Amino acid sequence: MLWLALRLPSLPLDIFRRAAQADTAFAVSGGEGARAEIIACNKKARDKGMQPGMPVSAALALDAGLQVVPRDAAAEQAALERVAAWALQFTPVVSLAPPGELLLEVEGSLQLFDGLGSLRRQVAEGVQALGYRAIVAAAPTPLAAQLFARAGLPVLIRHDDALRVSLARLPADVLGLPAEAARLLDDIGAQTLGDCLALPRAGLARRVGERVLEMLDRAAGRLPDPRLRYAPPTLFSASQPLPAPAQEAEMLLFAARRLLAELCGFLSATAQGVQRLQFTLSHHGCKPTVLTLSLTNASRDADHLLNVLRERLDATVLPCPAIAIALRSELLLPVACRSASLLPDAARHAEAAAQLVERLRARLGDAAVVGLKTMDDYRPEQGWRACEPGTQSHEAAANTSRPLWLLDTPRKLEENNEAPCYEGRLALLAGPERIETGWWDDRQVERDYFVARTPTHALLWIYRDQHAGRNWYLHGFFSCYWLFVTGCWLTALYR
Amino acid sequence: MPAVSELSLDAVLNHPAIWRGNACARVAQPGMATGFPELDAVLPGSGWPAGALTEIYAERKGIGELQLVMPAAAALTQAGRWVTFIAAPHIPYAPALAGQGLALARVLMINAASAEERLWAAEQTLRTTCSGAVLLWMDHIHERALRRLQLAAEEGGVGLFLFRSAHVAAATTAALRLHLSRAHNRTVVRVLKRRGGGLPAPVALDLHPWVRFSAPARSVPVVEPVRRAAAPIQPI
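Because the structure is predicted, anything quoted here is derived from the model rather than measured.

Reading the values: rules and limits
Residues numbered from 1 in each chain as written. Chains lettered and ligands numbered in written order. Predicted model: local features only at pLDDT ≥ 70, side-chain atom pairs only at ≥ 80, totals over all residues. Helix = DSSP H or I, 4+ residues; strand = E, 2+ residues; numbered from the N terminus. Contact = placed C-beta atoms within 7 Å. Buried ≥ 20, exposed ≤ 12 C-beta atoms within 10 Å, placed from the backbone. Pairing = 2+ DSSP bridges. Core = buried A, V, L, I, M, F, W, Y, C linked by C-beta atoms within 7 Å. Domains from an automatic or database assignment. Expected span 1.5 Å × (residues − 1). Axes fitted to C-alpha atoms, helices over the stretch in contact; angles between N-to-C directions. Parallel < 35°, antiparallel > 145°, perpendicular 65-115°, else oblique. Nonpolar A, V, L, I, M, F, W, Y, C, P; charged D, E, K, R; others polar. Left-handed = near helix turned anticlockwise from the far one by under 90°. pLDDT = per-residue confidence, 0-100.

Caption draft 1: Structural detail: the overall build of chain B. A count of helices and strands for chain B gives six helices and nine strands. For chain B, long-range pairs separated by at least 24 residues make up 67% of all intrachain contacts whose partners lie at least 6 apart in sequence.

So this is what it looks like as structure tokens:
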């Protein structure tokens, strides 16, 4: 067994500060009323002379601009659980050790993540990207790994001999003993765990309690130390207060990036992708803004999700500044794992195309980005349909004698002596091709189609309506025609 | 050292250090075949420049601008790359595109109202690895925006075809500029600019070989309705 302990030493602080880009003096307080004291503060605050244990009133006297927030234990626990869900991508065995510690059993993951050093680096960098400060230590027993992390030593110990030697050098206060027991150990000169282990066991147990011996034995691996496994929730949901009311997209995206990184860790741990997700921006005094992102393909690519969100935010006007951002996964689908490959392959192309379509649609709207398909119908205007990009068509409907451009609505041609005119008299080159069909719906047609040429050598597709009037109409160009741009024909025809 | 007589003229002219003013530039990346051998012969890289901007100016309307790029587009879609139409002036007719050999599942239509959105969509598409070609219809583009698109095309290795009307003819950064006109029932392609300089003689292409032209044009017959449903097209 090999355990990786992940200690988040400034968790009470980080849950408020991880959405902040600018560094300002900030502290978390505990306790009630006049006895409220600083529990944790950031570096900016420490530079001004504040430290944990100081009364809040004293800290405010040092800097009136200090932002003090009461500690939120429930949010800390929720944050710890989300980090645990994220960490499941490295190993299936993750265990919570509140407050502020996680244990990962990584013996089976070493091969996949290219060794312990590489795994430790990936975990540490990942947690940092989530916005938390972390100390990562590895040891053969869970408690030993925790003790090393508490001592602030990012060691990687794999063997029992090395563990015994290193453990003996740890200071005795990492055990977190009650003040009386700690003082007693200090008085008898036992300053390290090694000193404690060298004392007679019976005497030590009588003086400082059985618990110390038990802890030492579990850390050294002489007693079993079972841990409860963490089971991830079925849906992901997280919220994040913003350091200051924000209306600019960049500030919101910074906070959203943290949440999306958590989401994507959770998704990759559970071999899923998200197809629909919901961002909720809370405001002071007005209704929350809800942004629902629907993707064509389930994805767990944080950068892609962030790009889609960016386009949506650019197109959204917030009624007032947001004070918190929440993310909830609405629809999760299993996604097959993809192995990394050197050359771009078909699957990667399809994924890139789906991501492109989502990005375009987030800004231009769903109806403005479509694919084309052919339909089995003789009527030219019924022979095609706008569809989801990537839809397969009937191959049989391909027709080489049709123009490349079709007019949205046929345009009536002027006539000169019963001959159609368009920039002059038209010469009919081919035809007639009779199309008479559609009696079953209200769009019956009865037309004779011709290929016609203008005096300026452009090729047109025209027809003569066999109904009343027998008028000539222009229905297509064999190549592009500049004169009248029909504008938003796609919006009208998409269905 | 070989005797002078042993060197043929061809061998000398093919030497990489020799450049002839009337020759196509040698390009590092071969182009996409246009499907028209006469046109390929005058283009550097024997085809449409890959990862560069090509401008196509049509002198008259409806003379085969889109037809010109169809063979290359068909080859790209069949190879699984996407061909994107941005702000097309009319409906690209799906059965005709399929008839030209395009795989419609790899065709993307983008309809953007403002010039800014068209340029943004073009840039997004050009920077995507799955793109093969982007066809953009825009008459007035700011020079800086055009250069940005050219860079995006270069970065993504995607061909960008910009269709403009002939009266917009300022100097641009395009790698290739073609001018289309029509004469004697054929489309005449004139190269306005190509990499390597030297302008070749215009190339006449038959873009609609399936329509047999009758010259001179006859006056229009008054056609009696023929009672047949969906008869195949008949040359007159």
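The rest of the description comes next.
Caption draft 2: Quick look at the overall build of chain A. Within chain A, the regular secondary structure consists of 15 helices and 20 strands. The 495 residues of chain A split such that 39% are buried. Intrachain contacts of chain A at a sequence separation of at least 6 include 57% that bridge at least 24 residues.

Caption draft 3: How the structure looks around the pairing of strand E9 (residues 272-283) of chain A. Residues and elements named next belong to chain A. Of the pairings in the sheet, the one linking E9 to strand E11 (residues 322-334) comprises 11 bridges and is antiparallel in character. Paired with Leu281 across the two strands is Ile325, which belongs to E11. Linkage of E9 to strand E10 (residues 289-299), two consecutive antiparallel strands, is achieved through a turn of five residues, within which Gly285 is found at a positive phi near 80 degrees.

Caption draft 4: Region of the structure containing the pairing of strand E1 (residues 53-58) of chain B. All names here are of chain B. The buried fraction of E1 amounts to six of the six residues, a majority that puts the element mostly inside the structure. What you see with E1 is no split at all: Leu53, Glu55 and Tyr57 on one side and Thr54, Ile56 and Ala58 on the other are buried throughout. Where E1 lies against strand E6 (residues 159-165), six bridges are found, and the strand directions are parallel. The partner of Tyr57 across the bridge, within E6, is Arg164. Bridge analysis of E1 against strand E7 (residues 176-183) gives five bridges, and the strand direction is parallel. Among the inter-strand pairings, Ala58 is bridged to a residue of E7, identified as Leu180.

Caption draft 5: Summary view of the nonpolar core. Within the largest apolar cluster, 104 residues are counted, with the highest numbers of intra-cluster contacts made by B:Ile86, B:Leu97, B:Ile110, B:Leu135, B:Leu136 and B:Leu160. When we break this core down by domain, the ones giving at least three residues each are domain 2 (237-364) and domain 3 (380-493) of chain A. In contact with B:Leu136, other than residues within four places in its own chain, are B:Ile86, B:Ala87, B:Arg118, B:Ala122, B:Leu160, B:Phe161 and B:Leu162. Residues A:Leu8, A:Leu103, A:Leu147 and A:Leu167 belong to the second largest nonpolar core, which totals 97 residues.

Caption draft 6: Fine view of helix H5 (residues 115-126) of chain B. Taking 1.5 Å of rise per residue, the 12 residues of H5(B) would be expected to cover 16 Å, and the 16 Å separating its terminal C-alpha atoms lies within 8% of that figure. Residues of H5(B) that are buried: B:Arg118, B:Leu119, B:Ala121, B:Ala122, B:Gln124, B:Thr125 and B:Leu126.

Caption draft 7: Quick peek at the packing of helix H5 (residues 115-130) of chain A against helix H12 (residues 249-269) of chain A. All names here are of chain A. Two elements in contact, H5 and H12, have axes whose closest approach is 8 Å; the angle formed by their N-to-C orientations is 135 degrees. Between H5 and H12, the angle is such that the two are oblique. Across the interface between the two elements, Gly126, Ala129 and Leu130 of H5 pack against Arg258, Ala261, Glu262 and Gly265 of H12. Among the residues making up the contact of H5 with H12, the classes are represented as three nonpolar, two polar and two charged.

Caption draft 8: Main features of the sheet that holds strand E17 (residues 427-437) of chain A. Spatially, E17(A)-E18(A)-E19(A)-E20(A)-E14(A)-E3(B) is the arrangement adopted by the six strands of the open sheet, whose pairing is antiparallel. The two strands at the open ends of the sheet, each matched to only one other strand, are E17 of chain A together with strand E3 (91-92) of chain B.

Caption draft 9: Local environment of the sheet that holds E10(A). Residue and element names in this part refer to chain A. Read from one edge of the open sheet, four strands run E8-E11-E9-E10, paired in antiparallel fashion. Whereas interior strands pair on both sides, the edge strands pair on one side only; in this sheet they are strand E8 (237-246) and E10. Neighbour to neighbour, the strand axes of the sheet diverge by 20 degrees on average, direction disregarded. Sheet topology places E8 next to E11; six bridges connect them, and they run antiparallel. By the bridge assignment, Ala238 is partnered in E11 with Leu327.

Caption draft 10: The environment of A:Asn399, seen in detail. By the secondary structure assignment, A:Asn399 is in the loop between strand E13 (384-387) and strand E14 (405-412). Assessed through the 17 C-beta atoms surrounding it within 10 Å, A:Asn399 is described here as partly exposed. Beyond its immediate chain neighbours, meaning those up to four positions away, A:Asn399 contacts B:Pro95, B:Ala96 and B:Gly99.

Caption draft 11: Summary view of helix H6 (residues 142-150) of chain A. Residue and element names in this part refer to chain A. The buried fraction of H6 is high, at nine of nine residues. All buried positions along H6 are accounted for by Pro142, Leu143, Ala144, Ala145, Gln146, Leu147, Phe148, Ala149 and Arg150. Contacts made by the buried residues of H6 are with strand E1 (3-7), strand E5 (94-97), strand E6 (101-105), strand E7 (135-139), helix H7 (160-168) and helix H11 (210-220). With its phi angle positive at about 75 degrees, Gly152 sits one or two positions after the end of H6.

Caption draft 12: Here's a closer look at unusual backbone geometry. Residue and element names in this part refer to chain A. The linkage connecting Pro98 with the following residue, Pro99, adopts the cis geometry, with an omega of -5 degrees. Of note, Pro99 is situated in the loop between E5 and E6. Not every positive phi belongs to a glycine, and Glu423 is a case in point at roughly 55 degrees. Mapped onto the fold, Glu423 is located in the loop between strand E16 (419-421) and E17.

Caption draft 13: Structural context of the packing of H5(B) against helix H6 (residues 143-156) of chain B. Residue and element names in this part refer to chain B. Here H5 crosses H6 at 15 degrees, and the two axes come no closer than 8 Å. In terms of orientation, H5 and H6 fall into the roughly parallel class. As H5 runs across H6, the sense of the crossing is left-handed. Residues Leu119, Ala122, Glu123 and Leu126 of H5 lie in contact with H6, whose contacting residues are Ala145, Arg148, Leu149, Ala152, Ala153 and Gly156. Broken down by class, the residue content of the contact of H5 with H6 amounts to seven nonpolar, one polar and two charged.

Caption draft 14: Spatial organisation of the confidence of the model for chain B. All names here are of chain B. Put simply, chain B has an average pLDDT of 77, and 75% of its residues get 70 or more. Long-range and interchain partners of residues 211-233, a stretch whose pLDDT sits below 50, account for 39 contacts in this model, where long-range means more than four residues apart. Here the complex is predicted with pTM 0.62, and the ipTM for its interfaces comes to 0.77.

Caption draft 15: Representation of the environment of A:Leu428 in the model. Among the secondary structure elements, A:Leu428 is positioned in strand E17. For the pair A:Leu428 and A:Thr454, spaced 26 residues apart in the sequence, the C-alpha separation amounts to 9.1 Å.

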